[in-house]
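Chain residues, written in single-letter form:
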Amino acid sequence: MKGIQFDNASQRKTYVGAVYEIGTDAIKKQILSEIDPEAADLHRSGKIHLHDLEAYGKTYNCLTLDLLKGFPFERFEQYSDSRKIMETFNYFRRMIVELANEQSGGMGFANFDEDISRIFKRCSLSPTDYNLITLRENIESFIDWINNARERCGQVSYYVSLNLGLSENDFGRAVSKFVLEYFGNSSPEYIRPNIIFKVKSGINHDPKDPNYDLFQLALSSTSRKMVPTYLLCDSAPNINVDASKIGIMGCRTRVVQNEFGEDTTIGRGNIDYITINLPRIALEIDSMNRDSDTEERIRLFKEAWLETANSVKLSLLDRYNRLSQLDVEDFPCNSAHNLWLGDVQNCRSLNEIFKNGTLSIGFIGLSEAIEILTGKRFYESQETCDVSLDFVRFMRQTVDRFRKENGLNFSLLATSGEYISGRFPDLDAKLFNHPVIEKGFYTNSFHANVDSGLSPFDKIRLEGPFHILCNGGCISYVEFSSAPLTNTLAILDIINVAVKNGVSYLGINFPVDSCLSCGQSGVFDQCPNCGGNKIKRIRRVSGYLEDLEFFTKGKKAEVATRRSNK
Ligand SMILES: [Zn+2]
């Protein structure tokens, strides 16, 4: 469908996709005409971005499922062993399909391995050889399905995140093993689901740990497929939380602290997020204060950000209030399976449920903003590095204040910026002239520029301190020039340095090109095996693996600019 700009790299250009997209655009326009005019103007002008705008007041963003609370154990008890296993995955499939129609974003399994083992235990299933073979087959078929299925009229693939690695019993270990082996050995076209390996000393990190073999399997899979990514349970942001209670949702969303109960990810999600365009604010300050010194420009920058953040807060509250006024019947899958924390089946108002969710204020282009204000990239001197960290700390303190003043779970999100990484500079270019706009994309959250050429360890040390501040979620990437393949030690070294430097969540990236004629993979423009030039290019820029052909304009520009960290 020529001429249609897709917001999301996983969308496909078909007739139904076009109809869906046109409908979405119409709803977005209508919503912008109905909400607070100030927020609508900020969004239209590209100073902020209201994500999933078509869902405004209709649904929340994402959820880590509380899987066990509503699981139909009684029904399962009458099944044969192999049917119990098969029906468990059928149950997951049905839930994913239904849930995808009543929420706008992804869904997470915080402990895919342990939860399955608990279901099996409650269903009196033993880890016999036969049952383990059946489990392997069902897991492989489940992964096939997630990778290939398309939701919403067949347009968008399911954003499912499987967190695993901690379960130490036979079934739990088998789940992690089968997932990692199958995905790790799959062809480059396998890009779903999102798999997150939870690294924890005493369980899997050290050679004497019971799940050390699974960690090795994870490293081996990452070295070929970039998947899994790593949730570092022993790093500063996570060390004080029970590792079984945390998980990554979607590309980086982290929901842990709760004003209304214990710290946990399970049964909770992000309600809504809005991203603030930091380079825009910096460009405005720069254009009006050319002669001021850096300190004064930074002060004005903070002041202007705060003004925007106040508008963003009001918009998040408005969206939250509209959502809370809906009926339980608007969420049939949630009410059937009781997936949220609390009791959605017996609540008086949805506020009792959704208050457990987070309201995130995101940011993009910290590096460009600092470059506009100081003339230097933030990692080029200790001084600009300190200024950047101080600014992110200021954002976090403000978000914490919003949390306290409003009694809701506000959090600071290091936005990935899939669509906005190109939308923001396009709009800024209409108003300003500055070299940082010209490359056609803004850098992800607090990341060093993709062409920084920093060594992997320097990049980790630079970005680590930002992780604890971004309590709504963040990720750091290390970029290799090609697949490290058998060099799992290189990945292990990076993980260890990341744990020490406070990195909460880590991904290893490298380009993967795959020849569509013969299946050869590597990094090439022409296949070294058969000479073919029909090449599929798999890259990760927004937390998920994607096919480069379907990337948004901004992300294509980013990929073209990337340099490896070596
Ligand atoms: Zn070939």
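Predicted, not measured: the structure shown is a model, and the values here were computed from it.

Side note on the coordination of the zinc ion
Inference 1: The coordination sphere of the zinc ion, as far as protein atoms go, consists of Cys515 (SG), Cys518 (SG), Cys527 (SG) and Cys530 (SG), spread over 2.3 Å.
Inference 2: One can describe the donor arrangement at the zinc ion as tetrahedral, given that its 4 donor atoms subtend angles of 104 to 115 degrees at the metal.
Inference 3: Going along the chain, you hit the donors of the zinc ion in the pattern C-x2-C-x8-C-x2-C. Here Cys515 is found in strand 14 (residues 512-515), whereas its partner Cys527 is found in the loop between strand 15 (521-522) and strand 16 (535-540), with 12 residues between them in sequence.

Side note on the packing of aromatic side chains
How two aromatic rings sit relative to each other is given by the distance of their centres and the angle of their planes.
Inference 1: Tallied over the full model, the rule gives 33 aromatic pairs.
Inference 2: An aromatic cluster is built from Phe71, Phe73, Phe76, Tyr79, Phe89, Tyr91, Phe92, Phe109, Phe112, Phe142, Trp145 and Tyr158, whose rings are joined through pairwise contacts.
Inference 3: Cation over ring: Arg122 sits above Phe73, and NZ or CZ is 3.8 Å from the ring centre.
Inference 4: Here the guanidinium or amino end of Lys439 rests over the ring plane of Phe441, the centre of that ring lying 5.2 Å away.

Comments concerning the state of the cysteines
Inference 1: What the rule picks out here adds up to 0 disulfides.
Inference 2: Between Cys347, a cysteine without a disulfide, and Cys333, which holds the nearest cysteine sulfur, the sulfur-to-sulfur distance is 15 Å.

Remarks on the sheet that holds strand 8 (residues 229-232)
Inference 1: Pairing is mixed in the open sheet, where 7 strands are placed in the order 2-3-6-7-8-13-12. With partners counted over all chains shown, the strands left at the sheet margins are strand 2 (63-64) and strand 12 (476-479), one partner each.
Inference 2: Of the strand pairs in this sheet, strand 8 and strand 13 (residues 505-509) are connected by 2 bridges, and their pairing is antiparallel. Looking at the pairing, Tyr230 lines up with Leu506 of strand 13.

Parameters and conventions
- Numbering of residues starts from 1 in each chain and follows the order in which that chain's sequence is written.
- Local features are withheld for residues below a pLDDT of 70 in this predicted model, meaning they are given only at 70 or higher, and side-chain atom pairs are given and counted only at 80 or more; totals for whole chains, interfaces and linings count all residues.
- Computation of side-chain values: all heavy atoms of the structure, hydrogens and water removed.
- For Na, K and Ca the donor cutoff is 3.2 Å, while for all other metals N, O and S atoms count as donors only within 2.8 Å; water does not appear among the atoms, so some sites may look incomplete.
- Think of it this way: with four donors and all angles in the 85 to 135 degree range, the site is tetrahedral; with four or six donors, opposite ones beyond 155 degrees and the rest between 65 and 115, it is square planar or octahedral; otherwise it is irregular.
- Working definition: helices are DSSP H or I runs of at least four residues, strands are E runs of at least two. Numbering for both runs from the N terminus.
- Stacked, tilted and edge-to-face are the three classes applied to pairs of Phe, Tyr and Trp rings, where Trp contributes its six-membered ring and a pair requires centres within 6.5 Å; stacked means planes under 30 degrees apart, edge-to-face means over 60, and tilted covers the rest.
- Put simply, a charge is over a ring when the Lys NZ or the Arg CZ is close to the ring centre, within 6 Å, and near the line of the ring normal, within 35 degrees.
- Disulfides are defined as cysteine sulfur pairs within 2.5 Å.
- The pairing criterion for strands is at least two bridges between them, as found by DSSP.

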